[in-house]
Amino acid sequence: SQGQPYFCSGKPLQDCALHLHGSSSWDLYAPFYSSENCVGIIMGTGNVGASLRFEPEETSTFFSRDGGLTWVEAHKGAFIYEFGDHGGLIVMADDLKKTGEVIFTWNEGESWYD
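What you are looking at is a predicted structure, and each value in this text was computed from that prediction instead of being measured. (Residues numbered from 1 in each chain as written. Predicted model: local features only at pLDDT ≥ 70, side-chain atom pairs only at ≥ 80, totals over all residues. Heavy atoms only, no water.)

What to know about the side chain of Ser-64
Okay, step 1: Tracing the backbone through its elements, the reader meets Ser-64 in strand E4 (residues 60–64).
Okay, step 2: Within polar-contact distance, the side chain of Ser-64 engages the backbone nitrogen of Gly-68 at 2.8 Å.
Okay, step 3: With residues up to four places along the chain from it excluded, the contact list for Ser-64 reads Gly-40, Ile-41, Ile-42, Leu-69, Thr-70 and Trp-71. (Helix = DSSP H or I, 4+ residues; strand = E, 2+ residues; numbered from the N terminus. Polar contact = N/O pair within 3.5 Å; in protein donor to acceptor, adjacent residues only side chain to side chain. Contact = heavy atoms within 4.5 Å.)

As for the nonpolar core
Okay, step 1: Counting twelve residues, the largest nonpolar core is built from Ala-30, Cys-38, Ile-41, Met-43, Phe-63, Ala-74, Phe-79, Tyr-81, Phe-83, Ile-90, Met-92 and Ile-103.
Okay, step 2: Sorting the residues of this core by element identifies strand E6 (79–84) and strand E7 (89–94) as the ones contributing at least two each.
Okay, step 3: The greatest single-element share of this core, amounting to three residues, is contributed by E6.
Okay, step 4: Contacts of Phe-79, omitting those with residues within four sequence positions, involve Ala-30, Thr-45, Thr-61, Met-92, Ala-93, Asp-94, Asp-95 and Ile-103. (Core = buried A, V, L, I, M, F, W, Y, C linked by side-chain atoms within 4.5 Å. Buried < 20%, exposed > 50% of the residue type's maximum accessible area, 1.4 Å probe, protein only.)

Topic: the pairing of E6
Okay, step 1: Burial along E6 is one-sided: the face carrying Phe-79, Tyr-81 and Phe-83 is buried and the face carrying Ile-80, Glu-82 and Gly-84 is not.
Okay, step 2: One ladder, built from six bridges, connects E6 with E7; its direction is antiparallel. For Ile-80, the partnering residue across the bridge sits in E7 and is Ala-93.
Okay, step 3: Here E6 hands over to E7 after four residues, with Asp-85 in that stretch at a positive phi of 50 degrees. (Pairing = 2+ DSSP bridges.)

Quick look at the confidence of the model for the chain
Okay, step 1: Residues of the chain with pLDDT of at least 70 account for 96%, and the chain-wide mean is 90.
Okay, step 2: Ranking the elements of the chain by mean pLDDT puts strand E5 (residues 72–76) last, at 92, and E7 first, at 95. (pLDDT = per-residue confidence, 0-100.)

Regarding the pattern of salt bridges
Pairs may arise between side chains of opposite charge once their charged atoms sit close together.
Okay, step 1: Here the structure, examined in full by the defined rule, presents four salt bridges.
Okay, step 2: Linking Glu-73 and Lys-76 is a salt bridge whose minimum nitrogen-to-oxygen distance equals 3.6 Å.
Okay, step 3: On the accessibility criterion, Glu-73 (3% relative accessible area) is buried.
Okay, step 4: Under the relative-accessibility criterion, Lys-76 is labelled partly exposed at 41%.
Okay, step 5: For the salt bridge of Lys-97 with Asp-94, the shortest nitrogen-to-oxygen distance reads 2.9 Å. (Salt bridge = Lys/Arg side-chain N within 4 Å of Asp/Glu carboxyl O.)

What follows is the structure, given as structure tokens:
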């Protein structure tokens with residue numbers, strides 16, 4: 001999906017809900033995260049579907065800029081993330097394997113660059 005909407009029209013909510021990994025999944029995936037200096041911005045790793053999935057190919061990184069009311073898929077796959085400049089700068093890197101690449105946004109998630 002990567003920034004595109006999930007097509008849930010006509011599907012029951014339980015089949016098209018966002019499920020995020022929390023602190024009980026910390027050894028596999030980064031938990032959802034926010035900072036008091038970045039009002040409304042939340043990131044999390046999980047999936048859209050009927051239940052929380054643990055397979056890497058079913059996992060994506062999601063982003064909200066309105067305190068969790070709405071979410072977009074920031075990137076396919078599991079990423080670890082950090083905020084700077086009150087959320088104006090967000091940096092993320094692959095959470096499952098070593099990498100020399102970072103993905104970032106300097107406009108609160110409107111555009112992502114690698």
